[in-house]
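Understanding the architecture of this molecule
So you can see what is in the structure, the chains are spelled out below.
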Amino acid sequence: MNSIHQTYLDQFADRIEALVSSAHRLDPIARRLKDAGLRPESVRDYAGLIALPVQSKDEVRLAQLADPPFGGLLSAEARPRRIFQSPGPLYEPQLDGDDPWRWGQALAAIGIGSRDVVMNCFGYHLSPAGVMFDEACGSVGAGVVPGGIGSAELQARAVHDLPLTAYVGLPSYLKVLIDSFKSADLDPQRWEIHRAVVSAEPLPDTLREELKAAVPHVISAYGTAEAGLIGYEDAPGAGLIIPEGVLVEICDPISGEPVYDREGQIVVTLFRQDYPMIRFGTGDISAWVTGTDGTLRLAGVLGRVGDGIKVRGMFLQPDQAYRYIAGRPGVGQFRLVVDRVDHRDSLTVEVVLEDGADERTTLNDVRSRVRDGLRFACDVVAVPSLAESSGSIVDHRDWK
């Protein structure tokens, strides 16, 4: 650990002690401390905190199954304003407070504020992203058009008709919106979106340059459904600034020990007394870099721990695929193939039919199961066979 890391960590000493002192009253936190051989009063700073093992997303999911809906982590006094369901499934409460997920810091960094009206093209259905950015816009005084995902033609018309000046959503969907505006033969002088904060997908340089032809100021931000904002750009390639209100670590994916000079899992601690998150493993891989201003930053998302992948901004796990597809009438074998065409993710389910199965009925059933259970639109095709080594999810995307 060098002096930059130490300076970053020293700021959290008092907050760590206060968090653990309060959170140990919740049974799941008390058990984690006991299992690690820790007493609450011994965790007074970062050196004490790292003795607590990292908690994985799977462990949170199992805790919620055992003690629904929040695994016993919500304090008795807390009253969620909204409850969300993310793939897994995992349930997340929205708690009181202004911009509880902190995304407003990324909006403010690019200059979105009270004079802006934002097209919010994150989903509002079950998963929290749409509301996360809705709250963020409110925190900086900006108006919002809740576009969600889909209906690009209608959204392009809204861009033409309304005083829209900014965008939040997937970078690939911003390209769709730009293309839809152009193809609709709308007045180009009415395109006034000049700032965008994009997230939930990589932003390769080739796509960034395409977007900047229509939207001069585009930055990428990173976060998760459970933790909210974890990092955001102030310039391309400069690393991700760590927002206020969150302790971020890079840890060895196996041991959970902090690492400072190589890649590791992003681990997050949030200082919420009513719903504490302590050393939560996001499953994303990153590394530390130093910004030109001398601050500690994240290198971005460099990969994933385990077999899950992100498709159109949502996680897709092998066990989810098995849960909704395996054993369905007519399905012998299957695999999910993810690709990327014109900067947009595509998902195809390849199915080996059982002998005597009706192809149309079986493929329609699989398509419905993927749409309703996994929340992905997809193509479903019958294939004669699958390679034994191919796995249940195959990712053909190239992020150049």
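Data block above holds the structure.
Residues numbered from 1 in each chain as written. Predicted model: local features only at pLDDT ≥ 70, side-chain atom pairs only at ≥ 80, totals over all residues. Heavy atoms only, no water.

We now examine the layout of surface pockets. Looking at the second largest pocket, its volume works out to about 710 Å³. Around the second largest pocket, the lining comprises 34 residues; the ones closest to its centre are Glu201, Pro202, Gly300, Val301 and Leu302. Among the secondary structure elements, those contributing two or more residues to the lining of the second largest pocket are β7 (217–224), β15 (303–304) and β16 (309–311). For the lining of the second largest pocket, the leading source of residues is β7, giving four residues. Here the residues of the lining of the second largest pocket are counted per class, giving 16 nonpolar, eight polar and 10 charged. (1 Å grid on protein atoms, 1.4 Å probe; cavity = no way out; pocket = protein on both sides within 12 Å on 5 of 7 lines; lining within 4 Å. Points joined across faces, edges and corners; volume = space filled by probe spheres on them. Helix = DSSP H or I, 4+ residues; strand = E, 2+ residues; numbered from the N terminus. Nonpolar A, V, L, I, M, F, W, Y, C, P; charged D, E, K, R; others polar.)

Before going further, it helps to spend a moment on the sheet that holds strand β19 (residues 344–353). The strand order β20-β19-β18-β21 describes an open sheet built from four strands, whose pairing is mixed. Since the sheet does not close on itself, it has two edges, and those belong to β20 (379–382) and β21 (393–395), each with one partner. This sheet shows a mean twist of 25° between the axes of neighbouring strands, independent of strand direction. Note that strand β18 (residues 331–341) and β21 share three bridges and pair parallel. Paired with Val338 across the two strands is Asp395, which belongs to β21. Packed on one face of the sheet, helix α11 (residues 318–325) meets β18, β19 and β21 and runs near 135° to β18. (Pairing = 2+ DSSP bridges. Axes fitted to C-alpha atoms, helices over the stretch in contact; angles between N-to-C directions. Contact = heavy atoms within 4.5 Å.)

Attention now moves to a negative patch on the surface. Residues Asp10, Asp14, Glu17 and Asp45 make up a contiguous surface patch of negative charge. Counting through the fold element by element, Asp45 comes out in the loop between α3 (27–35) and α4 (46–49). (Patch = residues over 30% accessible without salt bridge, like charges linked within 9 Å, V, L, I, M, F, W, Y side chains within 5 Å. Areas by Shrake-Rupley, 256 points an atom, 1.4 Å probe, with all protein chains shown as cover. Salt bridge = Lys/Arg side-chain N within 4 Å of Asp/Glu carboxyl O. Lys, Arg positive; Asp, Glu negative; His and termini not counted. Charge placed at Lys NZ, Arg CZ, Asp CG, Glu CD.)

Counting 50 residues, the largest nonpolar core has Leu107, Ile112, Met119, Tyr167, Trp191, Val197 and Val215 as its most contacted members. Sorting elements by how many residues they give to this core places helix α9 (residues 171–183) first, with six residues. Excluding its chain neighbours within four sequence positions, the residues that come into contact with Val215 are Leu174, Ile178, Trp191, Ile193, His194, Arg195 and Ala196. Among the nonpolar cores identified, the runner-up in size contains 43 residues, and Ala23, Val43, Leu296 and Leu298 belong to it. (Core = buried A, V, L, I, M, F, W, Y, C linked by side-chain atoms within 4.5 Å. Buried < 20%, exposed > 50% of the residue type's maximum accessible area, 1.4 Å probe, protein only.)

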